[in-house]
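# Summary of the model geometry
Residues per chain are reported as follows:
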Amino acid sequence: MTFQLKPVEPRRLYQQIADQIRDLIDRGGFESGMRLPAERDLALQLGVSRPSLREALIALDVEGRVEVRGGSGVYISATRGDPAPGRTAAMGESPTQLMEARSVIEGELVTLACARMTPAPLARLREILTDMEAAIERPRSRVELDRQFHITLADASGNTILARLVGELFDERHSPISAKISSRFDSTQTWRAALNEHQAILRAVEARDPIAAQAAMRAHLDAAATRWVGD
C-alpha cells in the first residue's frame, strides 16, 4: 500500500511563541480572568522581540485562549479556548515580515514606476487619493482604495510579475491574524496618517524623483508596520 504524505508546513515564529505562551499559561496555573505578565517582562522571559510577541498574543486571541485588552493587558479568556495541549494553527503570514517584504519589493518597484510613469496612471493615482480622503470614515472603501493605489503604482512599473506579487502581499492583510490586528488598531487617525504618506509618495512620483519616491514608500510601509505591531 502506498501512502501519500503531505509536506510538513514550516511553523511561523508567532506560532512557536504562542505555543510557549500556551505552555506558560498551563504550567503557571493561570486561571480564567487572570492577567499575564506585562508585555516587556513576557518578551524578556521568552527571549523574543515585542512585535513577535504581540503577533503571538493576537494569534492566541483569535483562538480564544486569551483576550488582549488595549491599554490594560492580556487576560486569560473565560472560555480558555481548547483546554487540551496543542499547537497554534497558522493564521497567515507574520504581519511584521509581511510589511518588511512589501518594503523591499515596493521600495524598488516605485523607482521603476517613476521612470515609466505615463499620464493615465498618474491621473488615476491622484483620483484614488482624492477618493481616499473622502472615504476616511468608511473602513471598506479606504482599504480598497489603499489597494488600488499600490496596485496602480505597481502596474505603472511595467513588470507584471512584481505587480502580481504586490497584490498578493497586500491581500495578506485579510488573513485571520492581520485582520484581527487591523480591527484593533485601524482608526480614522491612523488612516489620515496613511493618506499623508501616500500623498508624499505621489509627490515624489510626480516629480520623477526615484530616490525620494523610494524613501517615501519605505517610510510609509515602515510606519504602517509600526501602527500594526509596534517596534
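Now for a quick tour of the structure.

## A look at the overall build of the chain
The secondary structure content of the chain amounts to 10 helices and 2 strands. Taken from N to C terminus, the helices and strands of the chain fall in the order α-α-α-β-β-α-α-α-α-α-α-α. Taken along the three principal axes of its C-alpha coordinates, the chain extends 65 × 55 × 30 Å. Counting only residues that meet the buried cut, the chain has 45% of its 231 residues in that class. Surface exposure of the chain reaches about 12000 Å², of which carbon and sulfur atoms provide 54%. One finds the centroid of the 30 positive side-chain charges in the chain at a distance of 1 Å from the centroid of its 32 negative side-chain charges.

## Notes on the nonpolar core
Buried together is how nonpolar side chains tend to be arranged in soluble globular proteins. Grouped together as the largest cluster of nonpolar side chains are 41 residues, with contacts concentrated most on Met-117, Leu-153, Ile-201 and Val-205. Examining the composition of this core, we find that 8 residues originate from one element, helix 10 (residues 210-229), more than from any other. Once you skip the residues sitting within four places of it in the chain, Leu-153 turns out to touch Val-110, Ala-113, Met-117, Leu-125, Ile-201, Val-205 and Met-217. Grouped together as the second largest cluster of nonpolar side chains are 18 residues, Ile-21, Leu-53, Ala-56 and Leu-60 included.

## Digging into the pattern of salt bridges
Following the criterion strictly, the structure yields 18 salt bridges and no others. In this structure, the salt-bridge partner of Arg-65 is Asp-26, at a minimum N-O distance of 2.5 Å. With a gap of 39 residues between them, Arg-65 in the loop between helix 3 (50-63) and strand 1 (66-69) and Asp-26 in helix 1 (residues 13-28) connect regions that are remote in the sequence. Glu-197 is the salt-bridge partner of Arg-227, the closest N and O atoms lying 2.9 Å from each other. With Arg-227 in helix 10 and Glu-197 in helix 9 (residues 188-206), this pair connects stretches of sequence that are 30 residues apart. Of the residues examined, Arg-227 reaches a relative accessible area of 23% and is grouped as partly exposed. Accessibility expressed as a relative area gives 16% for Glu-197, which makes it buried. Within the structure, one salt-bridge network assembled from shared partners comprises Glu-39, Arg-50 and Arg-54.

## Focus: helix 3
For an α-helix the count is 3.6 residues per turn, leaving residues at separations of three or four pointing the same way. When the terminal C-alpha atoms of helix 3 are compared, their 20 Å separation across 14 residues agrees well with the 20 Å that a helix rising 1.5 Å per residue should span. Counted residue by residue, helix 3 has 10 buried out of 14 residues, so it is predominantly covered. Of the positions making up helix 3, those classed as buried are Pro-51, Ser-52, Leu-53, Glu-55, Ala-56, Leu-57, Ile-58, Ala-59, Leu-60 and Asp-61. Just beyond helix 3, the residue with positive phi is Gly-64, at close to 90°.

## Some details on the environment of Leu-145
Inspection of the secondary structure puts Leu-145 in helix 6 (residues 139-156). Separated by 14 residues in sequence, Leu-145 and Asp-131 have C-alpha atoms that sit 7.5 Å apart. Residues within four places of Leu-145 in sequence aside, it is in contact with Ile-128, Asp-131, Met-132 and Ala-135.

## Looking at the packing of aromatic side chains
Evaluation of the coordinates by the stated rule reveals 0 aromatic pairs. Above the face of the Tyr-75 ring, Arg-69 is positioned so that its terminal group lies 4.0 Å from the ring centre.

## Examining the pairing of strand 1
Residues Val-66 and Val-68 line the buried face of strand 1, whereas the alternating positions Glu-67 and Arg-69 sit on a face that is not buried. Bridging between strand 1 and strand 2 (residues 73-76) involves 4 bridges; their strand directions are antiparallel. Counterpart to Glu-67 in the pairing with strand 2 is Tyr-75. Count of turn residues in the strand 1/strand 2 antiparallel hairpin: 3 residues, of which Gly-71 carries a positive phi of about 80°.

Thresholds, definitions, all that
- Residues numbered from 1 in each chain as written.
- Predicted model: local features only at pLDDT ≥ 70, side-chain atom pairs only at ≥ 80, totals over all residues.
- Heavy atoms only, no water.
- Helix = DSSP H or I, 4+ residues; strand = E, 2+ residues; numbered from the N terminus.
- Buried < 20%, exposed > 50% of the residue type's maximum accessible area, 1.4 Å probe, protein only.
- Areas by Shrake-Rupley, 256 points an atom, 1.4 Å probe, with all protein chains shown as cover.
- Lys, Arg positive; Asp, Glu negative; His and termini not counted.
- Charge placed at Lys NZ, Arg CZ, Asp CG, Glu CD.
- Core = buried A, V, L, I, M, F, W, Y, C linked by side-chain atoms within 4.5 Å.
- Contact = heavy atoms within 4.5 Å.
- Salt bridge = Lys/Arg side-chain N within 4 Å of Asp/Glu carboxyl O.
- Expected span 1.5 Å × (residues − 1).
- Phe/Tyr/Trp six-rings, centres within 6.5 Å; stacked < 30°, edge-to-face > 60°.
- Lys NZ or Arg CZ within 6 Å of the ring centre and 35° of its normal.
- Pairing = 2+ DSSP bridges.

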